[in-house]
Every structure is written in C-alpha cells, then in structure tokens.
Amino acid sequence: MRNEHHSSVISNKKQVDIIKVTEDFGYNLQDSMLLKALTPEVNTQCRRGLYFQDGKRRVDYILTYQIKKTSSSRSRRHTTRLTDNAFTRTLGRGRGPPLPKSDPEVGSPAPAHNTDHHDDDKCLRREEFESNLLEMGLELERDEETKTTGVGFVKIHAPWNVLCREAEFMKMKMPTKKVYEVKQSRGVMEKINTFICKLTDPLHPNVEENRIHNVKHLSYPFSREKQHLFDLSDRDSFFDSKTRSSLVFEVLKRTKCTKAKFSMGLTGLLGSGVYTAAYSLHDGDVDGENAEPNDRKLLYEEWASYSVFYKYQPIGLIRKYFGEKIGLYFAWLGIYTQMLIPASLVGVFVFLYGCVTVDDDIPSMEICDPRRNVTMCPLCDRVCSYWNLSTACGTARASHLFDNPATVFFSIFMALWAAFFMEHWKRRQMRLNYEWDLTGFEEEEDHPRAEYEFRVMQKSLKQQHKSQKPEKEKLTCKDRFPAYMTNIIMMLLMIGVTFAIVFGVILYRISTKAALAMSSNPMTRSNVRLTVKTTAAIINLVVILILDEVYAAVARWLTVLGRSPSWLSHCLTSARSCEVDCAFIFSSEVPKTDKSFEERLIFKTFILKFVNAFTPIIYIAFFRGRLGGRPGSYLYVFESYRMEECAHGGCLMELCIQLSITMLGKQLIQNNLFEIGIPKLKKLIRYIKSKRASFQQEEYEKKLQRYETDYFLEPFVGLSPEYMEMIIQFGFVTLFVASFPLAPLFALLNNIIEIRLDAKKFVAELRRPDAARAKDIGIWYNLLRGVAKVAVLVNAFVISFTSDFIPRLVYQYMYSPDGSMHGFVNHTLSYFDVSHFQNGTAPLEPSYLGFFVDICRYKDYREPPWSPTPYDISKQFWAVLAARLAFVIVFQNVVMLMSDVVDWIIPDIPKDISLQIHKEKILMMDLFMKEEQGKTQRVDSVSSSGCKESLTRSRSISHTPYKKH
C-alpha cells in the first residue's frame, strides 16, 4: 500500500506545488516526512535553489516544461487542476486519464483549440509521469512562478531509502569501513618516486583528490542488507551530488507513462515536447559574491583557468563531479598531450637537421646553380613558356627541410610512438579503474531510446489497423533494410561530393595558374606556384570546415528520427498522421539503445569527416604529377585542362603546405573559435528569447535560482565532438608525419589550450552532464588503433613515392660514377624535342628566355627522342619502382613487428595494480568470513543459552514435589 499526499502551498509572492509520496516498504521513513514549505525569504538562504522550500531536502534533478499563462488567476487554477487530476488518476488506476475540460471563461478560435488540445495532452502525460515518479518514492516540488517567463520547473529529491534501493539495483561500489594500506615501492624505487614527487610538486593542482594516499577504503557493491559494512554516520554526504543525480536519472529512465495507448519513457517525453529539458544541478556558482566553496568552484580555479595551464589535471575531482565517462576522456586527453612532448622534440630536431644540412644538399645546390642553364618544358599549354631550372631553387631548398634522411627515422619513431601511446593509455586506464572502484564493472543494456519506442509505436499502430489485434512489436532487419540502403547511398553520395569538390579545386589551380602566367606583372609570374598553392589550400580548408558541419548533420540525420519534436507530439495524438507517414518510418536508422546509437553515429561521422579532411592531402601525396602524362602526350580534362605537375623538388613541399594549413586552420577556427563563440552565441539567443535586455543580464542573474541559471546554459550533447576532433588531429600527427615533422608540435600547443578550453566549457558553459559509469573509452580506442595501423602504411608510401629518398638511394648505389649525389638532377630529367608538341599546345613565346629552344627537359624516367623507342619508360624507372615497392614492404613489416614487440613487452595491467586487486579480493573474503563467523557465534550463544534455560527448567520440574488430588 502507498499513501500519496499532495499539498499546494501558496505564499504571498510565489506559488509552489509540493508533491510528496511516502512508501511502506519496510524502511525507516522518518527522513521522508512531509515538510512544510517555507516563505521566499527563508528560501533565499537555501543556497539559491539547491534545496526545496523547506531548506532541508536537496534538489537532485530538474525537469522543465513550457507553460502558457494568460492571467494569474488562470495560472493558479491550471496548477490546482493538475494536482487534482494527478490525485484522481492515482486513485482510479484501472481507468485511463480523464480528458481535460475546456475552460468556458477563455474563448479561442479553432486553431487555438487544436493547440490547447495538444497542451492538455502534454499536461496529462506530465501528471501521469509525475504520479509514477511519486510511486517510485521520489519527492517532487513544482515551481511555475519563476523569473524565467513561460517555463515551469519540477524539482526532484530522492530520499534515503530510494537512493539505497537504486544503488543496490545498479550494483554501485561504495567505500566500506574497512581500510587497508596501499603497497608502496621500496628501496631505490621509493627514493626515485620521492624525488620525482618533489620535483613535480609545483605541477600538481591544489586539490585533495590528487594527494597520494597510503590507505584505501575497501569497496563493495552497496546492499541494504549489509549497511553495517558502510560508514553511514553522515547520510547526507554518503552519496555525493553526482551519485545522487545519476541514481535519480536511472529512476527517470525506468519510469514510463503506461496508462496511455503506447508507453513512453523520459526520453520519449523529451522528444515529444512534454518536457523541454532534464538536467542535474551544478553545485553552486564559480564566482561572485554568492559563490560558496564547492567542487565546481574548485574545478574552475584549479582546472578551468588558463593561468594553471602548466599543471596536471585534477582527474579525481573531475571524476567526482562529472562521472567516470567524462573523467576518462580528460585522462586520455592528458596522456595524449603528455605523449606529444617527446614527439614534438624529435620533430623539431628533424626540422632543425634539415635547416642545418640544406646548404650541403648536393641536389639542391645543382638546381640552384645558374651556370647549368637547364631549360625546362612549359608547365601549361600555349600561355606558359620555357623556364630555367634555377628558378625552382627556393622550392628545392624548402623541400629539403622536410625531405631528408631524418624523416625516415622520424616516421619509424612516430609508429613506435603510437604503439607506446596505446600501451601507456591501457596501463593508465587500468590504474584509474582500480582507483575509481570500476574493477569487475560490466555495462548493462541501456534503456530503449525515445525514437526507437516511437517507431515501435508506429509499427504497432499500423499492425493494429490491419489485424485489429494489439501485438508487441519490435524492429527487425527487414524493417531496417531501407535504412541500411539509405545510409549506404547517402554515404557514397557525400564521399562523391568530397571528390567533386577536390576535383573542382584542381580545376581552380589549373585555370588560375594559366591566368597568372599571362599576367604582365613580372612579380606575379614569378610567384605563380606559391600563390596557387596557398590559395588552393585555403579554399580546401574553408570547404573542409563547411562540409564537416554538413556531414555531422547528415550522419545524425541518418541515425536519428529525422523529424521535429512538434511533429512527434502531433503524431502522438493523431493516429492517421502516423499511419500516413509509415513510409518514412523506416527510411532512416533507429538504434535501440543510446550505446548503439552513439557507436553508429560515431562510425558514420568519422568516415565522412576523415574522407573530407584527408582526400585533398591524399591526392597531392599519391596522385598529383603521376596522371599528367608527358610533353607531347599530356592527359587533358574536358579536352582543355591539362592535369597538374609537381614542382621539380617534388610534391612533398606542396603536401606540407596543404597539411599545415588544413591542420592549423581546423585547430584554430573549428576547435577553438567555434567552441568559444558558438556556445556564447546560443546563450545570448536564449537570453533574447527570454525577453531579457543585455544590460540587465548581470543584475537579473543575481536573482535567479540555481535551476533557472542552469536552464540557460548550453545542453550537454556528449563527448563525441571532443573525441572526434582529437582523432582527426591524431590522424594529422601520424598519417603524413613524414611530410610535416612539426605536426606534433602544433598539436601539443593546440591541446594545451584545448584542455583548459574544454574545462571551462564543462564547468561554466554547459549544464551539468548526467554522470555515466564507464571503464574504457569505448569505440574510440579501436579507431585510434586503426589510424595508427594505417599510418604505418601511409608513411611508407609517402617516403617511397612522394619524396625523393628512394630515387636518391638508387642513384647513389647503382648509377653514380663516384658514389656521391653529383649528377642526380640530370639523371632524373628526360629529354623532349619541341617539334613533337601536339597541335596548338606549343608556347606562344618560344624565345621567352632570349634564345630558340630545340630540346627541353622534364622530370621523368623516359627514353630520349633519338633512341629507338623514344619517350618509352626507361630501365631506371623500373629499378626505382622495384626499390620503392621493396621499401614499402620492408618498412611496413619492420615497423609492425617493432610495434608488436612493444605491445608484448609492456603489460596492460601494471604489476602493483594487479597485486592490489588481488589483495582486495583476499581482504573482502576475510571480511565476509569474519562476518559469517560472528553470525555463527551469535547463533551458537543463543542456542546454548536456550539449552541451559531448558535444562534448568527440567531440573526445577524434577525437584518439584508430587501432589495427589
């Protein structure tokens, strides 16, 4: 039996509904007594909305909904009616919810009646859902007379017995009274660790969770039957705010509106507009006169401030406030940033090596020597004339900065670095699992998503109209087949769009190069290549930034419902509209759980964004200059555009320009500027919609309750965007690092800012996320491993086919007369007779250099025009190709083998952690053995005392004299 109490307390200035339920589950309910609401004056002392009106019950969760008020009297009458209907519907459980009666005092045209009908339906669903929450043991308090116009708030508090029940259901590990000593290093290792701790002490934040503790509480899944194992002296602090909100959120997800025709949970109510938001509260303010000491303020000062950029992150406090899932993200980001330090140092060393040795590079010296007077063939038809090789001196010298023997070493180093990074993270992850009591934790199947429930509802409705027999339906592969085909077609279409845009940029480069070559300005003609490269890279960057947003929206559209909440709400009350739109129901994918939804969305988004970011780079690295043909037999596009050629120094310099502009642009514009500007812009729009003037915002915020202030913060949308930008950056750092050794340095500088930027966003700009438990980073680890494996192959091809490293080795050891690099440039240039130009392609100014040209040179391995097989591929080409392929095979296998050796040598679980986990198991067994022995001794003592008492009785009976009657 459950007794339900409702009381409406109306003060002079504010009207608040307090809804209370008490349960008779056999628990002690002295903490769940109905408390009277206090006046608003007393409420101002209750930490600005963190507690109920009584000032004692903490607000654990908030639900918001839209309210429409025409007058104060109607508002009061509407609120009372909600309470009465909830009470009536609780008493009459066998009947459906009563339909709301129209208000005769308020007249409205037909469209308004339709709107009122939907609003009343939402009210009835809210009443039913809140009534079910009351039956689950939660305590509710409604507040509609707030400073926020048009928004009502339902404050939720979980009493002690509900928290205990949910903690037991979730098998949440809590610290027991039993403590044990954590084993510390001894001998030399202890001295080394002590020295390192003293050396790095200024780098640690001033947070208690980061201090090294010699003792640890033994943790055990919470059980109501074993409450004596836990320290319950202070019940208010036993479950912290993060744990309380997560337990309440589990109740909210499990509770459904079952009296309607189709059941809907919280996610369904949010999707249909019954509730507009659901969130937990921040602990308090981060600054200002009302900011009391709390974990949020401490995080803001010791983590989210740019002045502490050099300090470690307080991972323990982050986990305590935001939960394990977000704590693991920032721990991973910190490890990744730390590992970038050695990679940056080696990359800078490789770049400096190129700078130091550029004057000693013989091929660059030969190109820059004006005395050689090598005449090169035109770079475009008609408008381009012959040119001297010495004019490519700057490009050749710049290419040596990135194309030198040290880049091969750096590629091998980065492959091993990626393997070390993976192993280091796995060990760090296991250590965190031990410290956060996640050992043995297994994720359970999540609750169905709102969209999935809605699609099942539509399918059931359709089947019911056909068979008139209500059956429990579920989505099958046959139902999802159109969605799968839609996904494949749309993904291929988006990839095709990316290829088309890259092709358009190629046409831009070709046409712009020809146009600038016709310029009368000598400065313009001399800087044609640099101008075209830079502008094309910028255009690619802009296109990538735009398509990133488009592809993210497309991937989400392919995974989610694809309809607006208003349409969803309309379908809930219109069976015919649902039946009409059944053709659209299964044209988009509908994952059942949040985990499945997140993984599918991540995979689609990663594929589209990866192709978008790296397609221009892949084209420059592996295709440009290899599809153009040769003089006299060029390959044309649309019969007028000649395919591009690489500069004489190779395409590596152009690849470096494209990679650097794309990487730096994405980090500066997309990752930093957008993350700062867009949340502030959305917050400003929310303020404008709430009819607040900008000059009144600061004074207005001082009067808001905590739940109102958090309402105007940006909703948390998940960690996928944060992980995604880091995975793409990881690709820039590892995939083409042979062409851009400074990539790790720029990634390091970006991440130092990124950590504090994300910290400030999570602490001050976003609503507090629902704390979620997780023991790893999920699908992101598999993506990282995939990118690291692909990076080995990509760098092998970059060194082999894009750079001149292999041709130089082949020349030095096979064709050089003295074993040096002298003559390498002449060896790589073929001859062409200018009389063999195709009709209409010869230069308009053949005497541009001041003399008539008979023979020009071009970079390729082909036979000269006077040979028996003119312009055929020479033997040198096949020798170089064989060496290139051999290098790819050897490089890939050697690096993969070394990575596997690193993976095999370094254990996934640190030895001290495995020992501590084993020690915990032994201590837990001892604890329960002692408990069982204590129970046995108590039973034996009770039984022995009972035996003694019975023996005494029998003896007293035997000594009693017998009386005759």
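Just above, that's the structure.
The residue numbers shown here count from 1 along each chain, following its written sequence. With pLDDT at 70 or above as the cut-off, local features in this predicted model cover only qualifying residues; side-chain atom pairs require 80 or more to be listed or tallied, and sums for whole chains, interfaces and linings still use all residues. Hydrogens and water are ignored here; the side-chain numbers use all heavy atoms of the structure.

## Thoughts on the overall build of the chain
So, step 1. Numbered from the N terminus, helices here are DSSP runs of H or I no shorter than four residues, and strands are runs of E no shorter than two. Of regular secondary structure, the chain possesses 32 helices and 16 strands.
So, step 2. The cut-offs for exposure are 20% and 50% of the maximum accessible area for each residue type, with area from a 1.4 Å probe on protein chains only; residues under the lower value are buried, those over the upper are exposed, and the others partly exposed. Sorting the 965 residues of the chain into buried and exposed places 50% on the buried side.
So, step 3. Pairs of residues are marked as contacts when any of their non-hydrogen atoms sit within 4.5 Å. Counting contacts in the chain only where the partners sit at least 6 residues apart, residues at least 24 apart contribute 80% of the total.
So, step 4. Carbon together with sulfur atoms contributes 60% to the accessible area of the chain, which is approximately 47,000 Å² in total. Surface accessibility follows the Shrake-Rupley procedure with a 1.4 Å probe radius. Residue values consider only the protein chains on display as shielding.

## Some thoughts on a nonpolar patch on the surface
So, step 1. On the surface, Val 188, Ile 192, Phe 195, Ile 196 and Leu 199 cluster together into a nonpolar patch covering about 510 Å² of accessible area.
So, step 2. Within the secondary structure layout, Leu 199 lies in helix H5 (residues 188-199).
So, step 3. In this structure Leu 199 comes out as exposed when scored by relative accessible area, which is 59%. Like-charged residues within 9 Å of one another, or nonpolar side chains (Val, Leu, Ile, Met, Phe, Trp, Tyr) within 5 Å, are grouped into patches, provided each residue has over 30% relative accessible area and no salt bridge. What counts as a salt bridge is simple: a side-chain nitrogen of Lys or Arg found within 4 Å of a carboxyl oxygen of Asp or Glu.

## Digging into the pairing of strand S5 (residues 151-157)
So, step 1. Taken across its seven residues, S5 has seven buried, putting it largely inside the fold.
So, step 2. Of the two faces of S5, both are covered, the one formed by Val 151, Phe 153, Lys 155 and His 157 as well as the one formed by Gly 152, Val 154 and Ile 156.
So, step 3. Bridging between strand S3 (residues 61-66) and S5 involves six bridges; their strand directions are antiparallel. Of the residues in S5, the one forming a bridge with Ile 62 is Lys 155.
So, step 4. Following DSSP output, two strands are said to pair if at least two bridges run between them. Note that strand S4 (residues 139-143) and S5 share five bridges and pair antiparallel. Counterpart to Glu 141 in the pairing with S5 is Lys 155.

## With respect to the nonpolar core
The tendency in soluble globular proteins is for nonpolar side chains to be buried as a group.
So, step 1. In this description, a nonpolar core means a group of buried Ala, Val, Leu, Ile, Met, Phe, Trp, Tyr and Cys residues linked to one another through side-chain atoms lying within 4.5 Å. In terms of nonpolar packing, the biggest core is built from 110 residues, with Trp 332, Tyr 336, Trp 417, Phe 730 and Phe 736 touching the most fellow members.
So, step 2. If we skip the residues at most four places from it in the chain, Phe 730 touches Tyr 336, Trp 417, Ala 418, Phe 421, Met 422, Leu 784, Val 787 and Ala 788.

## Re the side chain of Arg 624
So, step 1. With respect to the helices and strands, Arg 624 occurs in the loop between helix H22 (594-622) and strand S11 (629-630).
So, step 2. Residue Arg 624 is classed as buried on the basis of its relative accessible area, which comes to 4%.

## Observations regarding the packing of aromatic side chains
For any pair of aromatic rings, the description rests on two quantities: the centre-to-centre distance and the angle between the ring planes.
So, step 1. Note on aromatic pairs: the rings of Phe, Tyr and Trp (six-membered ring only in Trp) are paired at centre separations within 6.5 Å, and the planes decide the class, stacked below 30 degrees, edge-to-face beyond 60, tilted for the rest. Within this structure, the stated rule accounts for 50 aromatic pairs.
So, step 2. The interplanar angle of 55 degrees and the centroid separation of 5.1 Å between the aromatic rings of Phe 153 and Tyr 707 together place this pair among those described as tilted. Note that Phe 153 is positioned in strand S5 and Tyr 707 in helix H25 (residues 706-711), a separation of 554 residues in sequence. Both residues of the pair, Phe 153 and Tyr 707, belong to the buried class.
So, step 3. Two conditions define a charge sitting above a ring: the NZ of Lys or the CZ of Arg must be within 6 Å of the ring centre, and it must be within 35 degrees of the ring normal. Sitting above the plane of the Tyr 434 ring, Lys 216 keeps its charged end 5.1 Å from the centroid.

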